[in-house]
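Secondary and tertiary structure notes
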Amino acid sequence: MNFKPQIALAAAAVTMLAAPASAQKYVSYTENALPYTVSLPADWYGLQMKGPAGVNLTSAQKAPFLPLIRLTYIPKTAAVNTLPKAVAAFEKELSNNGSINLKRLGAKEATYGNIAGKEMEYSLTGGGNELRMRLWMGLGAKNVYAFQLLDKPATYAANRDKTFTPILNSVKFK
């Protein structure tokens, strides 16, 4: 399982600043290649990013790109065929990055779009900066899903509750 592009993003984002949260209006988003449909904030911007397939968006039109939401997926493999293995692989790769200190703040079971998964919250520190991450990982019949919000501590709770939670609640897997 290769989450390295997400690790590089998290490492780069440790040095970024966040934009404040605002009231959101949502629009339905569907794409034939995606294994899910979702409602996204109408005033956020899509980003083209290397790494796992999926949807990437931010509230800022120009850098710094925070808060950042990624709704990614990779094919399930024999090596990563259980949720505990998927979570462990993600955390191991992120922790092995020398510039990031990862601390899990909490975890709980969570189901979105009829796929059971695990939701974790993290503190990421490095370079004198700190970020918060909310990550939901789910294991479908064919894919491992990693849906995450990355933001500064000052705006994290508002974006988690007012933006990211409605997105998660809107996901429907095909």
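Structural data are supplied above this passage.
Since this is a predicted model, take the numbers as computed values, not measurements. (Residues numbered from 1 in each chain as written. Predicted model: local features only at pLDDT ≥ 70, side-chain atom pairs only at ≥ 80, totals over all residues. Heavy atoms only, no water.)

**Details of the pattern of salt bridges**
Opposite charge on two side chains permits them to pair, given that their charged atoms come into close proximity. Applying the stated criterion across every chain, the model contains 5 salt bridges. A salt bridge links R104 to E91, with the shortest nitrogen-to-oxygen separation between them at 2.5 Å. Within this pair, whereas R104 is found in strand β6 (residues 101–112), its partner E91 is found in helix α2 (residues 83–95), the two being separated by 13 residues in sequence. Judged by its relative accessible area of 35%, R104 is partly exposed. (Salt bridge = Lys/Arg side-chain N within 4 Å of Asp/Glu carboxyl O. Helix = DSSP H or I, 4+ residues; strand = E, 2+ residues; numbered from the N terminus. Buried < 20%, exposed > 50% of the residue type's maximum accessible area, 1.4 Å probe, protein only.)

**Description of the nonpolar core**
In this structure, Y36, I69, L71, W136, Y145, F147 and F173 are the most contacted members of the largest nonpolar core, which totals 23 residues. Elements with a minimum of two residues in this core: β2 (36–41), β4 (53–58), β5 (68–75), β6, β9 (143–151) and α3 (153–170). Ignoring any residue separated from it by four or fewer positions in sequence, one finds W136 in contact with A110, Y112, I115, A116, G117, K118, E119, Y145, A146, F147, L168 and F173. Ranked by size, the runner-up nonpolar core spans 21 residues in total, among them L66, A86, L135 and A146. (Core = buried A, V, L, I, M, F, W, Y, C linked by side-chain atoms within 4.5 Å. Contact = heavy atoms within 4.5 Å.)

**Section: the pairing of β2**
When strand β1 (residues 26–29) meets β2, the two strands line up antiparallel, connected through 4 bridges. Residue pairing for β2: S28 is matched across the bridge by S39. Connecting the antiparallel pair β1 and β2 is a turn made up of 6 residues. Direction of pairing for β2 relative to strand β10 (residues 172–173): antiparallel, over a ladder of 2 bridges. The partner of T37 across the bridge, within β10, is K172. (Pairing = 2+ DSSP bridges.)

**Some details on the sheet that holds strand β7 (residues 115–126)**
Taken together, 7 strands build an open sheet; the order of strands is β3-β4-β5-β9-β8-β7-β6 and the sheet is antiparallel. Across the chains shown, the open sheet's two edge strands, defined by having one partner strand only, are β3 (45–46) and β6. With 10 bridges joining them, β7 and strand β8 (residues 129–139) adopt antiparallel strand pairing. The residue bridging Y122 from the neighbouring strand is M133, located in β8. In the packing of α2 onto the sheet, contacts are made with β6, β7, β8 and β9, and the angle to β8 comes to roughly 155°. (Axes fitted to C-alpha atoms, helices over the stretch in contact; angles between N-to-C directions.)

**A short note on the pairing of β5**
β5 sits mainly inside the fold: 7 of its 8 residues count as buried. Sheet analysis places β4 next to β5, joined by 6 bridges and oriented antiparallel. Across the sheet, residue V55 finds its bridge partner in β5, namely L71. Examined bridge by bridge, β5 and β9 share 8 bridges and lie antiparallel to one another. Looking across to β9, one finds that L71 is bridged to F147.

**Section: the sheet that holds β10**
Pairing is antiparallel across the open sheet formed by 3 strands, whose spatial order is β1-β2-β10. Each end of this open sheet is capped by a strand with a single partner; those strands are β1 and β10. Against the sheet, α3 engages β1, β2 and β10, with an angle of about 155° to β2.

Worth remembering: the numbers are spatial, not functional.
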